[in-house]
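# Observations on the model geometry
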Amino acid sequence: MKSKGTFYSYYKFIGITIILTIVISYLLFYFYPALKEIREKKQELKSHISQIEQFKKEIENFQPPDEKERLLWKKIDSLTEKTYGKIKTKADFLKYVNSIILSLTGILSSQYSDFLINIEDKNIKLTQTFKKESILLSMFKTVNEYHSTSKGLEKKSNTFKAFDTAVKKPEEKDINDLKVKIFLISNLMKTSSFLIKLYKNIKNLTIERIVIKRKDNKTYYLFILNFRVKRLYKNA
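These figures come from a predicted structure and were not determined experimentally.

Each value, and the rule that gives it
- Just so you know, the residues in each chain are numbered from 1, in the order the chain's sequence is written.
- Given that the model is predicted, a residue must reach a pLDDT of at least 70 before its local features are reported, and side-chain atom pairs must reach 80 or more before they are shown or counted; all residues, however, enter totals for whole chains, interfaces and linings.
- Remark: hydrogens and water are excluded; side-chain values derive from all non-hydrogen atoms of the structure.
- In DSSP terms, a helix is any run of H or I states spanning at least four residues, a strand is any run of E spanning at least two, and both are numbered starting from the N terminus.
- The cut-offs for exposure are 20% and 50% of the maximum accessible area for each residue type, with area from a 1.4 Å probe on protein chains only; residues under the lower value are buried, those over the upper are exposed, and the others partly exposed.
- By the convention used here, residues are in contact when the closest approach between their heavy atoms is within 4.5 Å.
- Axis lines are fitted to C-alpha atoms, over the contacting stretch for helices. Their N-to-C directions set the angle, which ranges from 0 to 180 degrees.
- In this scheme the handedness of a crossing depends on how the near helix is turned from the far one: anticlockwise by less than a right angle means left-handed, clockwise means right-handed.
- Gly falls in the polar group here, along with every residue not listed as nonpolar (Ala, Val, Leu, Ile, Met, Phe, Trp, Tyr, Cys, Pro) or charged (Asp, Glu, Lys, Arg).
- Note on patches: the residues involved have over 30% relative accessible area and no salt bridge, like charges join within 9 Å, and the nonpolar side chains Val, Leu, Ile, Met, Phe, Trp and Tyr join within 5 Å.
- Method for areas: the Shrake-Rupley scheme with a 1.4 Å probe, in which residue coverage is limited to the protein chains shown.
- A pair is scored as a salt bridge if a Lys or Arg side-chain nitrogen falls within 4 Å of a carboxyl oxygen belonging to Asp or Glu.

### Things to note about the environment of lysine 86
- Within the fold, lysine 86 resides in strand E1 (residues 85–87).
- We classify lysine 86 as exposed; its relative accessible area is 66%.
- Beyond its immediate stretch of four places on either side in the chain, lysine 86 contacts Lys230 and Leu232.

Right under this line is the structure:
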């Protein structure tokens, strides 16, 4: 009888030990890691909520130009009509474009670690970034499509036109003008500083449109710049 009781107690002890081992293993390998992951997810959620609230405040504080400001832009445009740069040869035009790229690169590199410059002219087509493998290249395509599309993409809440000059009729447009697109990641303060530097350092320049896109906690700005030039050579 004593041996049977000892045998039973022995197996009971082994059973309890196995159960405790399973419970401890579950706590160590499943419960505590899951609990830690839940805490990390909660912190991540709080961080995302905070960033969303910050972005909402930026949108609320953003003030699009009113009618008086638009009239002021038109007045400035009319005053600068006589300041068109006159270009006599194609070679001079290429030199002019190169000077613009150098000027823009100098201004942009003083404020931004990466940016994209795009020109799609009759004689020149280029898209270049400051960094070789830039995230701006893939994002530029969607924002650029938004710029040229009148419907569809405009309905997306994370992309909107922050500034847009009055659109001229096709017959009123000057085909000699040169359009340059600047694309970068920025904020309102840096953008204001950038625009001030543009007008201070580059002649014959007007801003045609500014498009803003928000994605992955980054704010992308697309600037469509218009350089007023008169091309006096043939097939300009």
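### So, the packing of helix H3 (residues 90–109) against helix H5 (residues 188–201)
- Their axes nearest at 10 Å, the elements H3 and H5 cross at an angle of 145°. As for the relative orientation of H3 and H5, their crossing is right-handed in sense. Contact with H3, carried on its side by Leu104, Ile107 and Leu108, involves Phe194, Lys197, Leu198 and Asn201 of H5 and no other residues of that element.
- A class-by-class count of the residues in the contact of H3 with H5 yields five nonpolar, one polar and one charged.

### Remarks on the environment of phenylalanine 130
- The residue phenylalanine 130 is located in the loop between strand E3 (125–129) and helix H4 (136–148) in this model.
- Sequence spacing of phenylalanine 130 and threonine 105 is 25 residues, and the spatial spacing of their C-alpha atoms is 8.4 Å.
- Phenylalanine 130 has contacts with Ser109, Ser113, Asp114 and Phe115, leaving out every residue within four places of it along the chain.

### Structural notes on a nonpolar patch on the surface
- Where nonpolar side chains cluster on the molecular surface, the patch consists of Ile16, Leu20 and Ile24 and spans about 270 Å² of accessible area.
- Secondary-structure assignment places isoleucine 24 in helix H1 (residues 2–61).

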